[in-house]
Amino acid sequence: MPEGSRGLLLAGVGGQGVILASMIVADALMRAGHDVKQSEVHGMAQRGGSVFSHIRWGERVDSPLVPLGSAEVLAAFEWAEAVRWVEYVRDGGAVVADIRTIVPPGACTDRRSWLRRYPGIDGELFDSRHLKTRLIDATATATDLGNVRAANSVILGTVAAFIDIDDVHWEAAIADLVPAGTEKINLAAFRAGRQVAEARVPDAAQDPDGFSGPHEIEIRHDWCKGCDICSRVCPEYCLAVDVDGKLTIVDPEACTGCRLCEILCPDFAIDIHAPRELAVVGTNTTNESSA
Ligand code: SF4
Ligand code: SF4
């Protein structure tokens, strides 16, 4: 890379807000006075495919592409994407990785073994490269704050620790670029992400066989785009998308609680949980939250 220019990679899967996050980073860097170039690839995003963006900044930047082994920071919105892209980070650089796992649909034909084939969450993977590592549960943090879709802002908050620009530029970019009405939650998410100072590793991996006991399928219809991923991967044929593109539960009794549909939905539109009297979303008390 030209003297003085630096690089950042953002990687995730469709529906996680990688492109929006990339625009926010680029905007914040420009507000701080840098020349910035940005590039993105999101070909299979609608089907849960990989989405990534390269950003370079400095006094003068000619190309957006970050060469292998040169990125200052990798922001991975999903664990396998962190493992896939870590080679782009320079020795001594930083990796901010969400521990959320989103298994590609093609890898889910055998739900009892997918976890063995999925890379285990292990911060030591990066130790040999002397990388500064932050493993975060951005999804849980954003959910606690009130909107799971603000998870990308949590990640940006943690990334901000490794990019030397003032928070005022980050916050102005977030306030300008996030969807109208979500500025407050996204700024709160950014500040929560900013508090993450150390690597954190979860106590236990997810259970590939789901959880025991009764469970409910909750659909957030206002977030569902009818892409059909969930119904195609459900081993028990519990779900279907009708001719109008609306997802319905066709066989609730057959659901084993394996959570494949929840894990694979790129839009966080399904929640598999133990039965509860009040649904989490809105005031709907049935197991299908409507728009
Ligand atoms: S709930 Fe199913 S159909 Fe709706 S967006 Fe998620 S994966 Fe696609
Ligand atoms: S949790 Fe239930 S509805 Fe979802 S994929 Fe598994 S069996 Fe199907």
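The present account deals with the structure reproduced in this document. (Residues numbered from 1 in each chain as written. Chains lettered and ligands numbered in written order. Predicted model: local features only at pLDDT ≥ 70, side-chain atom pairs only at ≥ 80, totals over all residues.)

**Some points on the nonpolar core**
One finds Leu9, Leu74, Val95, Ile155 and Cys230 to be the most contacted residues of the largest nonpolar core, which totals 80 residues. For this core, the leading source of residues is helix α1 (residues 18-31), giving eight residues. A domain-level breakdown of this core finds at least three residues from each of domain 1 (6-194) and domain 2 (216-289). If sequence neighbours within four positions are ignored, Val95 has contacts with Leu74, Ala76, Ala82, Val86, Val89, Phe126, Leu131 and Thr133. (Core = buried A, V, L, I, M, F, W, Y, C linked by C-beta atoms within 7 Å. Buried ≥ 20, exposed ≤ 12 C-beta atoms within 10 Å, placed from the backbone. Helix = DSSP H or I, 4+ residues; strand = E, 2+ residues; numbered from the N terminus. Domains from an automatic or database assignment. Contact = placed C-beta atoms within 7 Å.)

**Structural notes on the environment of Glu171**
Topologically, Glu171 is positioned in helix α6 (residues 167-177). Taking the C-alpha atoms as reference, Glu171 lies 6.6 Å from Leu187; in sequence the two are 16 residues apart. If near-sequence neighbours (up to four positions away) are discounted, Glu171 is found in contact with Leu187 and Phe190.

**Observations regarding the site of ligand 2**
Near ligand 2, the surroundings consist of 13 residues, among which Cys234, Cys238, Cys255, Cys258 and Cys261 are the closest. Grouping the constituent residues of the shell around ligand 2 by class yields nine nonpolar, two polar and two charged. (Near = placed C-beta within 6 Å. Nonpolar A, V, L, I, M, F, W, Y, C, P; charged D, E, K, R; others polar.)

**Here's the deal with helix α5 (residues 151-159)**
Of all nine residues in α5, nine are buried, a share of seventy percent or more. All of the buried residues in α5 are Ala151, Asn152, Ser153, Val154, Ile155, Leu156, Gly157, Thr158 and Val159.

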